[in-house]
Amino acid sequence: MAEALRVGMLGAGIFAMEGQGPAWKRLVERGKVHVVVCWSRTEQSAQRLADFYGGTPEVKFGEDGVVKEVLAREDVDAVSVATTITSLPKFARMAIDAGKHVLTEKPVAGNITDGSSLVEWYEALRVEGPAPLYGVAENYRFEQVFVESLNRIGPGNSIGKPLVIELTAHMPFAKDSKYEQTWWRRESSHIGGVITDGGVHFMAAMRMLAGCEVASCAAFADKKSEHLPKVDTVVASFKFDSGALGSVVICYAASSRRFEVRVRGETGSLEIGRSEQDGKHGYTLRTITSG
């Protein structure tokens, strides 16, 4: 059996434990991953994450110099970076420069300049020769409902080539919820506020279903809630590289939850819905074919 991947955890906030944590823990239990070290700005949060992994990882805390020490370790093969959005590209570069594989939280960066710079730098590095793996943890691309939808889209499948893709996401972002209380969201130094933070999921889903990238976009964005610091609502129209059209309505100021995706194809349509029960969300998938 292959040796376990030795991983260092950078960042110990809510998502490091509640989002990525369960998946990493399953890999640890299967012997595929060994968590070597947990780092955070504070000792308390680093220790809490280490305890989550059974108390065996070494605890490191402090500023960027400590991160450099973690990345210099020979017993670390890869790192998972779940820090604030604006710090993600910095730590990704540091890890890759140190020869470590890296998985960062989404989005790539806090603004277009930093994101483009990181991607262009990494792509150039890969052209020069073998480079560590770099990935962004966008979970929507692995959601079963979207993977199954792909089997029904495209020439020869149930609904044929996509013509129009529509997404509606009304996502209440309540004041004083555990996510809203995080200091970096309240400070919101990244562009686009919660739209960039959470809306990246919805665009990943649309691009996945379209099977290509967005060629052009026109949008209106606004701030509708009192407690969120930046824009929280957007209405946008797209044209994809394939020629398909798309629209998205995202509202984090909404008082009720609604999530729907509709794909209109040449020979049918596909509808995805999401609801919540007992604190857990699930999806419905319906296909309507012509004739």
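Further remarks concern the packing of helix α4 (residues 64-71) against helix α5 (residues 88-97). Relative placement of two packed helices is described by the angle separating their axes and the distance separating the axes. Contact pair α4 / α5: the axes reach a minimum separation of 10 Å and the direction vectors enclose 35 degrees. Here α4 and α5 pass one another in a crossing that is right-handed. In this structure, α4 uses Asp64, Val67, Lys68 and Leu71 to contact α5, whose residues at the interface are Lys90, Phe91, Met94 and Ala95.

A cis amide bond links Lys106 to the next residue, Pro107, at an omega of -10 degrees. A positive phi angle is found at Asp176, which is not glycine, with a value near 70 degrees. For Asp176, a relative accessible area of 44% translates into the label partly exposed. Here Ser188, not a glycine, exhibits a phi torsion of approximately 50 degrees, which is positive.

In contact at an axis separation of 10 Å, α5 and helix α6 (residues 112-128) are set at 15 degrees when each is read in the N-to-C sense. In terms of their interaxial angle, α5 and α6 are classed as roughly parallel. The two elements α5 and α6 cross, and the hand of that crossing is left-handed. Facing α5, whose interface residues are Pro89, Ala92, Arg93, Ile96 and Asp97, α6 presents Asp114, Ser117, Leu118, Trp121, Tyr122 and Leu125. Taken together, the residues that form the contact of α5 with α6 break down as seven nonpolar, one polar and three charged.

Moving on, we come to the pairing of strand β13 (residues 280-289). Here strand β12 (residues 268-277) runs beside β13; their pairing, made up of 10 bridges, is antiparallel. Bridge pairing links Gly268 to Thr289 in β13. The hairpin formed by β12 and β13 contains two residues between the paired strands, and Asp278 there has a positive phi angle of roughly 55 degrees.

Right, let's get into the sheet that holds β12. Consider a sheet: its strands pair through backbone hydrogen bonds, and that pairing is either parallel or antiparallel. Read across the sheet, seven strands follow the order β8-β9-β10-β7-β11-β12-β13 without closing on themselves; strand pairing throughout is mixed. Both edges of this open sheet fall to β8 (214-222) and β13, since each of them pairs with a single strand only. In this sheet, adjacent strand axes meet at a mean angle of 10 degrees when their direction is disregarded. Where strand β7 (residues 162-170) meets strand β11 (residues 258-265), eight bridges bridge the pair, whose relative direction is antiparallel. When the sheet's bridge partners are listed, Leu167 is paired in β11 with Val261.

For the rest of this paragraph, the subject is α5. Given 3.6 residues to a turn, an α-helix orients residues that are three or four positions apart in the same direction. Where burial is concerned, most of α5 is hidden: seven out of the 10 residues are buried. Along α5, the residues that are buried comprise Leu88, Pro89, Phe91, Ala92, Met94, Ala95 and Ile96. Check the buried side of α5 and you find it contacts β2 (33-40), α4, β4 (78-81), β5 (101-104), α6 and β6 (134-136). In the segment just after α5, Gly99 is the residue with positive phi, at about 80 degrees.

Right, let's get into the environment of His170. Assignment of secondary structure puts His170 in strand β7. Judged by relative accessible area, which is 22%, His170 ranks as partly exposed. Through-space distance from the C-alpha of His170 to that of Val249 is 7.8 Å; in sequence the pair is 79 residues apart. Apart from the residues lying within four places of it in its own chain, the contact partners of His170 are Val249, Cys251, Ala254, Ser256, Arg257 and Arg258.

This next bit is on the sheet that holds strand β3 (residues 58-61). Spatial strand order, β3-β2-β1-β4-β5-β6: six strands in an open sheet with parallel pairing. Strands at the two margins of the open sheet, each flanked by one partner only, are β3 and β6. Across the sheet, the mean angle separating the axes of adjacent strands is 20 degrees when strand polarity is ignored. Sheet topology note: the strand β1 (residues 5-10)/β4 ladder contains four bridges and is parallel. Counterpart to Met9 in the pairing with β4 is Ser80.

Attention now goes to the side chain of Ser188. Following the sequence through the fold, Ser188 ends up in the loop between α8 (183-187) and α9 (193-210). In this structure Ser188 touches Gly193, Pro229 and Lys230, once residues within four positions along its chain are discounted.

Right, let's get into the pairing of β2. Buried residues dominate β2, accounting for seven of its eight residues. Both β1 and β2 contribute to a ladder of six bridges, which runs parallel. Each residue of the ladder has a partner; that of Gly8, found in β2, is Val37. For β2 and β3, the ladder comprises four bridges, and the chain directions are parallel. Considered in β3, the bridge of Ser40 is made with Phe61.

Reading guide: rules and limits
Residues numbered from 1 in each chain as written. Predicted model: local features only at pLDDT ≥ 70, side-chain atom pairs only at ≥ 80, totals over all residues. Heavy atoms only, no water. Axes fitted to C-alpha atoms, helices over the stretch in contact; angles between N-to-C directions. Helix = DSSP H or I, 4+ residues; strand = E, 2+ residues; numbered from the N terminus. Left-handed = near helix turned anticlockwise from the far one by under 90°. Contact = heavy atoms within 4.5 Å. Buried < 20%, exposed > 50% of the residue type's maximum accessible area, 1.4 Å probe, protein only. Parallel < 35°, antiparallel > 145°, perpendicular 65-115°, else oblique. Nonpolar A, V, L, I, M, F, W, Y, C, P; charged D, E, K, R; others polar. Pairing = 2+ DSSP bridges.

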